[in-house]
Amino acid sequence: MNMVQALNTALREEMRRDKSVVVLGEDVGRRGGVFLVTEGLIDEFGEERVIDTPLTEMGIVAFAIGMAMYGLRPVAEIQFIDFIYEAFDQIVNNAAWYRFRSGGMYNVPLVIRGPCCGGIRGGMHHSQSNEPYFIHTPGLYVVMPSTPYDAKGLLKSSIRSDDAVIFLEPKSIYRTIREEVPDNDYTIPLGQARLVQEGSDVTLVTWGAMVHLAKEAAELLREKRGWSIEIIDLRTLQPWDKDMVVKSLEKTGRLVIVHEARKILGPGAEIAAYISENYIDLLRGPVKRVASYDTPYPLAHEKLYLPNLAKIYRAVTEVMQW
Amino acid sequence: MSKTGLIDTPFKPVEKNVVEEYKTLLEDALGFKRAVDEEGRVVDEELLPKVSEGEIVEIYTYMVRARVIDSWLLKLQRMGKVALHAPNKGQEAVAVGAAKPLRRDDWVFPSYRELGAYLVRGMSEEEILDRALANADDPLKGSDFAIFGNRKYNLVPAPVPVGNQIPISVGAAYAMKYLGRDTVTLTFFGDGATSRGDFHAGLNFAGVFKVPAVLVIQNNQWAISVPRARQTAAPSLAVKGLAYGVPGVRIDGNDVMVVYKIVSDAAEKARRGGGPTLIEAVTYRLGPHTTADDPSRYRTSEEERIMERYEPLRRMRKFMESMGILTEKEALSIEEEWNSKVEEIVRKVLAKPPLPENVFFQNVYGEKPWFIQEEERDLEETLKTMEELGLSYKE
């Protein structure tokens, strides 16, 4: 099963399990979503639960916040996560903060999901990794799966969460990664990372599509240099699994963070700062970040703009040779 | 009267003459103006613009050129040379008819489906292809796909998030008025965009500040898979203007003559200080939303077949023939002529080199801050490492 099918399965199972789960967004009905994540749901659950909305991200999110406050569990699709900014006011000022603002009397069990990130020659308005904006907002969970198995388990947990979740789906691996996904109902708790592979020299923290690039890079580094790389897939970016990262650093003493978001104030900045503040004694060299460059996402030369094998290779080499 | 003179007299109904005025405005906003019907017959002489026979042929030629370049972009996308294309077929009359009556110094804010307007503004097929292929001559330097524009032609590149150029174009129109110019802005957007906050803010500002703006809705019936009836419960899109004090006119967007006439009148009114106009051009997207879309999931081929009858080029040929301007055969030969011209341009453009590797560090800021300079050096190092490792970034 690929990630699109896994997400579709998660939505279907949750809608069958709980009548309060509704799906809404642009083109989620007959079209099944532009990436077909909601394909066929309208046939099973009808127009009242699979809602093709007018074209407005602000409207979709605000409408869903109201639904969520009244007791539904809406899953709002943003067609491309790049279009979410129209809804930013609603996400930050309302979805994330109603609980706090109301002294805990109201909460917003809402999932906002959509395709994110680059690598498909999508240009600047179809490729953004804008998770830093959401990580910076208290009250939101921020999730990004890297495999079909995780996608299903994480989306189910997100739907069952009593807080708002920004669920980001790296579209470059929507269909390229396939694996067995069990039929049964399983969840993956939010906030728990996955140890992708064990290693002893460097800890490589990453998520989303970069997990697969990191694996390739680790193989290249093993071949060329004989170094052993431990890879951690964070899966949830807020709150991130610091325990797993610290445990790994106790072994390796070296940290490289790889992400598609731009470097300045990207998630790597927070992880690096947190580790330096609290665990500097574990480090045997500087924390390195491999990120996209701090320019708008360019259509031309996106492979040079995004993290790539050579960039990871250089960062790991620098840390190892420190 | 308040100091600003802006306060309404409270506690009484809107004055009778305003109610009467709105009755007339409602007729325009809920009606359907056309000069030429789908069989090319003149149905309303008064709505025919005052253009010469030569200009009519010129208008038709622009529509043909838009059709030809559109089909080439589709072909090049299928060949993997163009990342994505949003087909224009069926909507040529709105793009050409609205852009044509404008002056060079007016500003156009297109959406991504106005090839005809880009051509009218002065973009050549070669420039359109350079842009679509993001090669070394791309005026937008590989920034994004499916958007076109060039300051040379006062043509502002469209955003991909639909309609967010609407309030921006209204701001530009305010600047024109503020600076005492007699220029106007022409803004294109789709039916879907009328659901967005940007549309409402834009229309509201346009009305309040009475700016010289012509706002054209390309109502092609479908926002990807969502039909117009899912965008609004209002009986027309043009009627939305009235709520903001902006007159709305609903017209046949496949009749290039009426598009020209109504936009021309709206632009002249705006130039004279008469304020903005919202025009709903009713048309039909004959192709998919983009090359990544499959319309068979949400509409029938029967519907598309029926709508072919209303397509604007066929109508224009019939109109020109009945007016004795061009025979159908002569009209069709223009298409053949442009097909072979563009084929040659395609060959030339495909041979052009790519953009330089560090192109995306340009134009982030006017002057490069230290971190951009650092990252540019990082790219140089990365390219060296790639060479050492035998890696390539090319497709």
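Residues numbered from 1 in each chain as written. Chains lettered and ligands numbered in written order. Predicted model: local features only at pLDDT ≥ 70, side-chain atom pairs only at ≥ 80, totals over all residues. Heavy atoms only, no water.

S.K.: Please explain the pattern of salt bridges as it appears in this structure.
M.R.: Pairs can form between side chains of opposite charge whenever their charged atoms are close. All names here are of chain B. Taken as a whole and judged by the stated rule, the model has 61 salt bridges over all chains. Two residues, Arg41 and Asp37, come together in a salt bridge whose shortest N-O distance is 2.9 Å. In this structure Asp37 comes out as buried when scored by relative accessible area, which is 7%. For Glu304, the salt bridge identified is with Arg299, shortest N-O distance 2.8 Å. (Salt bridge = Lys/Arg side-chain N within 4 Å of Asp/Glu carboxyl O. Buried < 20%, exposed > 50% of the residue type's maximum accessible area, 1.4 Å probe, protein only.)

S.K.: Please explain the pairing of strand β6 (residues 165-170) of chain A as it appears in this structure.
M.R.: Regular strands place their side chains on alternate faces of the sheet. Residues and elements named next belong to chain A. Of all six residues in β6, six are buried, a share of seventy percent or more. Neither face of β6 is open: one carries Val165, Phe167 and Glu169, the other Ile166, Leu168 and Pro170, and all of them are buried. Both strand β5 (residues 141-143) and β6 contribute to a ladder of three bridges, which runs parallel. Note that in β6 the partner of Val142 across the bridge is Ile166. On the question of chirality, the crossover connecting β5 to the parallel β6 by way of helix α7 (residues 148-160) is right-handed. (Helix = DSSP H or I, 4+ residues; strand = E, 2+ residues; numbered from the N terminus. Pairing = 2+ DSSP bridges. Right-handed = clockwise from strand over helix to strand, strands pointing away.)

S.K.: Teacher, can you tell me more about the pairing of strand β7 (residues 277-282) of chain B here?
M.R.: Residues and elements named next belong to chain B. Of all six residues that make up β7, six are buried, and the element is covered over most of its length. Side-chain alternation along β7 places Thr277, Ile279 and Ala281 on one buried face and Leu278, Glu280 and Val282 on a second face that is also buried. Judged from the six bridges that link them, strand β3 (residues 213-219) and β7 form a sheet pairing that is parallel. Looking at β7, one finds that Val216 is bridged to Ile279. Alignment of strand β6 (residues 248-252) against β7, held across five bridges, turns out to be parallel. Among the inter-strand pairings, Ile251 is bridged to a residue of β7, identified as Ala281. You can see the chain leave β6, run along helix α9 (residues 256-271) and come back into β7, and the turn it takes is right-handed.

S.K.: When you look at the environment of Ser276(A) in this model, what are you seeing that I'm missing?
M.R.: Residues and elements named next belong to chain A. Mapped onto the secondary structure, Ser276 falls in helix α10 (residues 267-279). Taking the relative accessible area as the measure of exposure, Ser276 reaches 31% and is therefore partly exposed. The spacing of Ser276 and Ala193 is 83 residues in sequence and 20 Å in space, taken between C-alpha atoms. Of note is the side chain of Ser276, whose polar atom sits 2.4 Å from the backbone oxygen of Ala272. (Polar contact = N/O pair within 3.5 Å; in protein donor to acceptor, adjacent residues only side chain to side chain.)

S.K.: Got a minute to help me understand the sheet that holds strand β10 (residues 236-238) of chain A in this structure?
M.R.: By way of backbone hydrogen bonds, the strands of a sheet pair with one another, either parallel or antiparallel. All names here are of chain A. The strand order β2-β1-β3-β4-β6-β5-β10 describes an open sheet built from seven strands, whose pairing is mixed. If you trace the sheet from one side to the other, it starts and ends with β2 (50-52) and β10, each paired once. Between one strand axis and the next, the sheet turns through 20° on average, direction left out of account. Note that strand β3 (residues 73-77) and strand β4 (residues 111-116) share three bridges and pair parallel. For Glu77, the partnering residue across the bridge sits in β4 and is Arg113. (Axes fitted to C-alpha atoms, helices over the stretch in contact; angles between N-to-C directions.)

S.K.: Mind showing me how you'd approach a nonpolar patch on the surface here?
M.R.: Residue and element names in this part refer to chain B. Taken together, the side chains of Tyr174, Tyr178, Leu179, Phe205, Val208 and Phe209 define a hydrophobic patch exposed on the protein surface, amounting to about 680 Å² of accessible area. Broken down by secondary-structure element, the contributors of at least two residues to the nonpolar patch are α6 (166-178) and α7 (197-209). Top contributing element to the nonpolar patch by residue count: α7, with three residues. Looking at the secondary structure, you find Leu179 in the loop between α6 and β2 (185-190). (Patch = residues over 30% accessible without salt bridge, like charges linked within 9 Å, V, L, I, M, F, W, Y side chains within 5 Å. Areas by Shrake-Rupley, 256 points an atom, 1.4 Å probe, with all protein chains shown as cover.)

S.K.: How should the packing of helix α12 (residues 309-320) of chain A against helix α13 (residues 370-389) of chain B be read in this particular structure?
M.R.: Relative orientation and spacing of two packed helices are given, respectively, by the angle between their axes and the distance between those axes. Contact geometry for α12(A) and α13(B): axes closest at 9 Å, N-to-C directions at 100°. The orientation of α12(A) relative to α13(B) falls into the category roughly perpendicular. Every residue of α13(B) that contacts α12(A) at Ala310(A), Lys311(A), Tyr313(A) and Arg314(A) is listed here: Asp378(B), Glu381(B), Thr382(B), Thr385(B), Met386(B) and Leu389(B). Of the residues assigned to the contact of α12(A) with α13(B), the class counts are four nonpolar, two polar and four charged. (Parallel < 35°, antiparallel > 145°, perpendicular 65-115°, else oblique. Contact = heavy atoms within 4.5 Å. Nonpolar A, V, L, I, M, F, W, Y, C, P; charged D, E, K, R; others polar.)

S.K.: What exactly am I supposed to notice about the confidence of the model for chain B here?
M.R.: Low pLDDT marks regions whose predicted coordinates should not be analysed in detail. Here chain B averages 96 in pLDDT, while 99% of its residues score no lower than 70. Overall fold confidence (pTM) sits at 0.94, and the ipTM for the predicted complex is 0.91. (pLDDT = per-residue confidence, 0-100.)

S.K.: Can you help me understand the interface of chain A and chain B in this one?
M.R.: Accessible area lost when the parts come together is the quantity often used to give the size of an interface. Taken residue by residue, the interface counts 46 residues in chain A and 49 residues in chain B. Note on chain A versus chain B: buried area summed over both sides is about 4100 Å², and carbon and sulfur give 63% of it. Taken together, the connections running from chain A to chain B amount to five salt bridges. Our count for the chain A to chain B interface comes out at 21 residue pairs in polar contact (both at pLDDT 80 or more). Mapped by element, the contributors of at least two residues to the side of chain A that touches chain B are β2, α3 (57-70), α8 (210-225), α11 (302-305) and α12 of chain A. Of the residues forming the side of chain A that touches chain B, the biggest block, five residues, is contributed by α12(A). Grouping the constituent residues of the side of chain A that touches chain B by class yields 21 nonpolar, ten polar and 15 charged. (Buried area = accessible area lost by both parts, 1.4 Å probe.)

S.K.: Explain helix α9 (residues 242-252) of chain A to me, please; I cannot follow it from the model alone.
M.R.: What sets the pattern is the α-helix's 3.6 residues per turn: residues three or four places apart point alike. All names here are of chain A. Considered for burial, the residues of α9 that qualify are Val245, Val246, Ser248, Leu249 and Thr252. Axial view of α9: buried residues confined to an arc of 165°, hence all on one face. Exposed residues pointing more than 90 degrees away from the buried face of α9 are listed as Asp243, Lys247 and Glu250. Trailing α9 by a residue or two, Gly253 shows a phi angle of about 70°, which is positive. (Arc of directions from axis to C-beta.)

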